[in-house]
Amino acid sequence: VLLIHNMSPDWTAEEVLDAEQDVAALSDALKGLGHPVELLAIEDGRLAVRLESHDPRSWVVFNWCEELPGVPHSEPEVAAVLERLGFVFTGAASRVLALSHDKPQIKRILDANGLPTPPWAVFDFPRTDGWSIFPAIVKAANEHCSIGISPESVVTSPAELESRVGYILREHRQPALVEEFIDGREFHVSAWGNGKVTMLPVAEMDYGALTDIRDRLFTFEAKYVPGSRLYETIDLRVPAELDPAALAVLERIVLATYRATGCRDYGRIDVRYRDGVFYLIDVNPNPDINPQTSLTYAAAEIGYSYGEMGSRIVNLAAARHPDF
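These numbers come from a predicted model, not from an experiment.

Colleague: Give a description of the side chain of Thr128 that names residues and reports values.
Modeller: Mapped onto the fold, Thr128 is located in the loop between β5 (120-123) and β6 (136-140). Exposure remark for Thr128: the relative accessible area of 4% places this residue in the buried category. If we skip the residues at most four places from it in the chain, Thr128 touches Phe123, Pro158, Leu161, Glu162 and Val165.

Structure below.
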């Protein structure tokens, strides 16, 4: 296994240490199950050069690269380089990763497949005439990892909407995706497999301690800033409490979304539940898999150690390898 991961020179010493610890945890866990593992830190855009000494016939690449450092929105390019060089790698193909960065296109696919997702619109200009559904949430149309999402993203009036759309256009230099804000329970639902796909136990982001509607969402701060108010207040519950009938509906929707959007090996579908309807709000073809993520906890719930989870993902990819 060649475990590739990004390591940006712009990161703080603490961020570098966190990344090194996460990568070492996965590497050690895979080695503990007998996988020979080599680590390859990608520190700039020269991924192809770094891979020259590795024969694609001898490796399965574990793709844990969120970007090529210094190259914005380059997660799909990582997979594209691996494809051009003939490597078999874990997770989604380049076209699927590119799709996941195009939120409006994801919404079109969901609508075309009859899968429930909140009403939405895209705005290229601050004027938002015609939108009348509140509360609403405003997102950058081509970002992921909750970049651009904060309590200010939830708007309750036309004036707030125009202001936030203007912010996205100005600060992120891309269109703004506006959708109805579903103030309900939020589930992060992992699935894995190819052909036969299995849903893992459902994880719930519990916002019960938060009374302000603007706080009831999984922001960048809530995900990645330990010690911050939202990080410390939002609880992760695995498995979520759902009655069997609702769970069956959720499973049908999640597996249909996994297939419709081209997920491979593993993925995570984010869902909001209100008035008996599961609304699809995000698709994550290569979700984070560090030891504290919902996918890791969901796998543990059905008896997978961290290494066994990683090994299953490796072997799903290895099934595509001509030799392995």
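Colleague: Describe helix α5 (residues 103-112), listing the residues and the values that go with them.
Modeller: For α5, the full list of buried residues reads Lys103, Pro104, Ile106, Lys107, Ile109 and Leu110. Those residues of α5 that are buried lie in contact with α4 (94-100), β5, β6, β8 (176-180), α9 (244-260) and β14 (277-284). Just past α5, the residue Gly114 takes up positive phi, approximately 65 degrees.

Colleague: So what's going on with the pairing of strand β9 (residues 185-194)? Which residues, and what values?
Modeller: Of all 10 residues making up β9, 8 are buried, and the element is well covered by its neighbours. For β9 and strand β13 (residues 265-274), the ladder comprises 9 bridges, and the chain directions are antiparallel. Along β13, the bridge assignment pairs Glu186 with Arg272. Here 3 bridges tie β9 to strand β11 (residues 203-206), and the two strands are oriented antiparallel to one another. Looking across to β11, one finds that Phe187 is bridged to Glu204. Across 4 bridges, β9 lies against strand β10 (residues 196-199) in antiparallel orientation. Considered in β10, the bridge of Ala191 is made with Met199. Turn length for the β9-β10 hairpin, with the two strands adjacent in sequence and antiparallel, is 1 residue, and the turn residue Gly195 shows positive phi of about 80 degrees.

Colleague: Explain a nonpolar patch on the surface to me, using residue names and the numbers behind them.
Modeller: A cluster of nonpolar residues, Ile147, Phe220 and Val225, forms a patch on the protein surface that exposes about 210 Å² of accessible area. When its relative accessible area of 34% is taken as the criterion, Val225 is described as partly exposed.

Colleague: Go over the nonpolar core with me, naming the residues and quoting the values.
Modeller: Phe187, Val189, Leu250 and Phe278 are the most contacted members of the largest nonpolar core, which totals 26 residues. Element by element, the count of residues in this core is highest for α9, at 6 residues. Discounting residues that sit within four places of it in the chain, Phe278 has contacts with Pro116, Phe187, Leu242, Ala246, Val249, Leu250, Ile253, Val271, Arg272 and Tyr273. Listed in part, the 25 residues of the second largest apolar core include Ala29, Leu30, Leu295 and Ala317.

Colleague: Quick one: what's the story with the packing of aromatic side chains, residue by residue and with numbers?
Modeller: Scanning the model with the defined rule gives 4 aromatic pairs in all. Relative to Tyr304, the ring of Trp192 lies with its centre 4.9 Å away and its plane at 65 degrees, an arrangement referred to as edge-to-face. Of this pair, Trp192 sits in strand β9 while Tyr304 sits in the loop between α10 (294-301) and α11 (306-318), placing them 112 residues apart in sequence. Given a relative accessible area of 29%, Tyr304 falls into the partly exposed group. Between the aromatic rings of Tyr273 and Phe278, the centroid separation amounts to 4.1 Å while the plane-to-plane angle is 15 degrees, which identifies the pairing as stacked.

Colleague: Account for the sheet that holds β8, with residues named and values stated.
Modeller: Reading across from one edge, β5-β8-β6-β7 is the order of the 4 strands in this open sheet, with antiparallel pairing throughout. Every other strand in the sheet has two partners, leaving β5 and β7 (154-155) as the edge strands with one partner each. Relative to β8, β5 runs antiparallel, the two sharing 4 bridges. Looking at β8, one finds that Ala121 is bridged to Val178. The strands touched by α5 are β5, β6 and β8; relative to β5, the strand with the most contacts, the crossing angle is about 150 degrees. Seen against the sheet, helix α6 (residues 158-172) touches β5, β6, β7 and β8 and runs at an angle of roughly 10 degrees to β6.

Colleague: An account of the packing of helix α1 (residues 13-32) against α11 is needed here, citing residue identities and associated values.
Modeller: With their axes 8 Å apart at the nearest point, α1 and α11 run at an angle of 80 degrees to one another. Regarding the angle of α1 to α11, the classification is roughly perpendicular. Residues Asp22, Ala25, Leu26, Ala29 and Leu30 of α1 pack against Tyr306, Gly307, Gly310, Ser311 and Val314 of α11. Class assignment of the residues belonging to the contact of α1 with α11 gives a composition of 6 nonpolar, 3 polar and 1 charged.

Colleague: Tell me about unusual backbone geometry, and name the residues and values.
Modeller: Residues Phe134 and Pro135 are joined by a peptide bond in cis, for which omega reads 0 degrees. Its location among the elements puts Pro135 in the loop between β5 and β6. The omega angle of the peptide bond from Val238 to Pro239 is -5 degrees, so this bond is cis rather than trans. Here Pro239 is to be found in the loop between β12 (235-237) and α9. Not every positive phi belongs to a glycine, and Asp265 is a case in point at roughly 75 degrees. Residue position: Asp265 is located in strand β13. Judged by its relative accessible area of 0%, Asp265 is buried. The residue Asp275 is not glycine, and still its phi comes out positive at about 50 degrees. Relative to the helices and strands, Asp275 is located in the loop between β13 and β14.

Reading guide: rules and limits
- Residues numbered from 1 in each chain as written.
- Predicted model: local features only at pLDDT ≥ 70, side-chain atom pairs only at ≥ 80, totals over all residues.
- Heavy atoms only, no water.
- Helix = DSSP H or I, 4+ residues; strand = E, 2+ residues; numbered from the N terminus.
- Buried < 20%, exposed > 50% of the residue type's maximum accessible area, 1.4 Å probe, protein only.
- Contact = heavy atoms within 4.5 Å.
- Pairing = 2+ DSSP bridges.
- Patch = residues over 30% accessible without salt bridge, like charges linked within 9 Å, V, L, I, M, F, W, Y side chains within 5 Å.
- Areas by Shrake-Rupley, 256 points an atom, 1.4 Å probe, with all protein chains shown as cover.
- Salt bridge = Lys/Arg side-chain N within 4 Å of Asp/Glu carboxyl O.
- Core = buried A, V, L, I, M, F, W, Y, C linked by side-chain atoms within 4.5 Å.
- Phe/Tyr/Trp six-rings, centres within 6.5 Å; stacked < 30°, edge-to-face > 60°.
- Axes fitted to C-alpha atoms, helices over the stretch in contact; angles between N-to-C directions.
- Parallel < 35°, antiparallel > 145°, perpendicular 65-115°, else oblique.
- Nonpolar A, V, L, I, M, F, W, Y, C, P; charged D, E, K, R; others polar.

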